[in-house]
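# A closer look at the structure
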Amino acid sequence: MPARAGSKGLPGKNLLPLGGKPMIAWSIEAASASRYLDKVIVSSEDEGILSVGRRWGADVPFVRPQELAEDGTPGIDVVLHACRAVPGYDYVVLLQPTSPLRSAEDIDRAIELCRDAGAPVCVSVTKPEKSPYWMYFVDEAGHMAPVVDAGRLPALRQALPEAYALNGAVYVARIDWLERERSFLTAETVAYVMPRERSVDIDTAMDFKLAEALIA
């Protein structure tokens, strides 16, 4: 569970009080309730976050090096650092604290899908509110260009192919495979579909207010 102190979109978001507890606590509780996870680890460079993690029942076996807590640090480096720091496991499950509405059942179903599909990796997705087939690029002059060639669009909106977006809630991978590929997203990745109401990914104050409303 990666949780660094720095955040430009919503400062201190991992510890913001959400529904009566720090935001990171939601993910710790969901992970602790999973039928399959036997260790819940918080990876952070910040003692305040690590302290809250301990208080809510997570393991804190290391302090993340500062060079792995910068704005430009690749997320995969943080995950692999944790895997190497706590060896002896075949699979890793990445749970971002910014997805507090994901449930223990979501975690377990993603793990089961990964296992049952015989896939090395599974990630959670959701249907976006707006189809990417109806989206546009806008250049500096304000001119629009369709993301998808208009000539390829069906005549009826209902005939559009279903598209899904990453929701950031659950990432499952076999560790030896992840060490080689250094990405959760490859041609071998299978998708676990979650409803939008559990797919809120908090990056802004508006996202946070939406999560508060859904919890309430």
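Everything that follows concerns the structure shown earlier in this document.
Report follows, based on the coordinates. Keep in mind it's a predicted model, so treat the numbers as computed, not measured. (Residues numbered from 1 in each chain as written. Predicted model: local features only at pLDDT ≥ 70, side-chain atom pairs only at ≥ 80, totals over all residues. Heavy atoms only, no water.)

## Focus: a nonpolar patch on the surface
Worth spelling out the cut-off: Within this analysis, patches are made of residues with over 30% relative accessible area and no salt bridge. Like charges are joined at 9 Å or less; nonpolar side chains (Val, Leu, Ile, Met, Phe, Trp, Tyr) at 5 Å or less. Only the protein chains shown count as cover for residues, and the accessible areas themselves come from Shrake-Rupley with a 1.4 Å probe. Just to be clear on terms, a salt bridge is a Lys or Arg side-chain nitrogen sitting within 4 Å of an Asp or Glu carboxyl oxygen. In this description a helix means any DSSP run of H or I spanning at least four residues, a strand means any run of E spanning at least two, and both kinds are numbered starting from the N terminus. Buried, partly exposed and exposed residues are distinguished by accessible area as a fraction of the type maximum, computed with a 1.4 Å probe on protein chains only: under 20%, between the cut-offs, and over 50%, respectively.
A cluster of nonpolar side chains, contributed by Trp134, Tyr136, Val138 and Met144, occupies part of the molecular surface with about 440 Å² of accessible area. Residue position: Trp134 is located in the loop between β4 (121–126) and β5 (136–138). For Trp134, a relative accessible area of 35% puts it in the partly exposed group.

## Overview of the pairing of strand β7 (residues 165–174)
Every other side chain in a regular strand lies on the same face of the sheet, so the side chains alternate between the two faces. For clarity, the threshold we go by: A pair of strands counts as paired when DSSP detects no fewer than two bridges linking them.
In terms of burial, β7 is a largely internal element, seven of the ten residues being buried. Here strand β3 (residues 91–94) pairs with β7 via four bridges, running antiparallel. Bridging from a neighbouring strand, Val93 pairs with Val172 of β7. The sheet contact formed by β4 and β7 spans five bridges and is antiparallel. Of the residues in β7, the one forming a bridge with Val125 is Leu166.

## Some thoughts on the environment of Gly12
The line we're drawing: By definition in these notes, contact holds between two residues if any of their heavy atoms fall within 4.5 Å.
Position of Gly12 among the secondary structure elements: in the segment before β1 (17–18). The class for Gly12 is partly exposed, based on a relative accessible area of 37%. Not counting residues within four places of it along the chain, the set of residues in contact with Gly12 comprises Ala5 and Ser7.

## Observations regarding the layout of surface pockets
Applicable threshold: Every definition here rests on a 1 Å grid over the protein atoms only: cavities are sets of points where a 1.4 Å probe fits but cannot get out, pockets are open sets enclosed by protein on both sides within 12 Å along at least five of seven lines, and lining residues have some atom within 4 Å of a point. Grid points are joined across faces, edges and corners, and a volume is the space filled by probe spheres set on the points. Any residue that is not Ala, Val, Leu, Ile, Met, Phe, Trp, Tyr, Cys, Pro, Asp, Glu, Lys or Arg is counted as polar, Gly included; the first ten are nonpolar and the last four charged.
Taken as a whole, the largest pocket spans an internal volume of roughly 640 Å³. Secondary structure elements with two or more residues in the lining of the largest pocket: α3 (75–85), β3 and α4 (104–116). Partitioned by chemical class, the residues of the lining of the largest pocket number 21 nonpolar, one polar and four charged. In terms of lining residues, the second largest pocket is bounded by 24 residues, among which Pro2, Arg4, Gly6, Lys13 and Gln96 are the most central. Top element by residues in the lining of the second largest pocket is α3. It accounts for three residues. Counted by class, the lining of the second largest pocket contains eight nonpolar, eight polar and eight charged residues.

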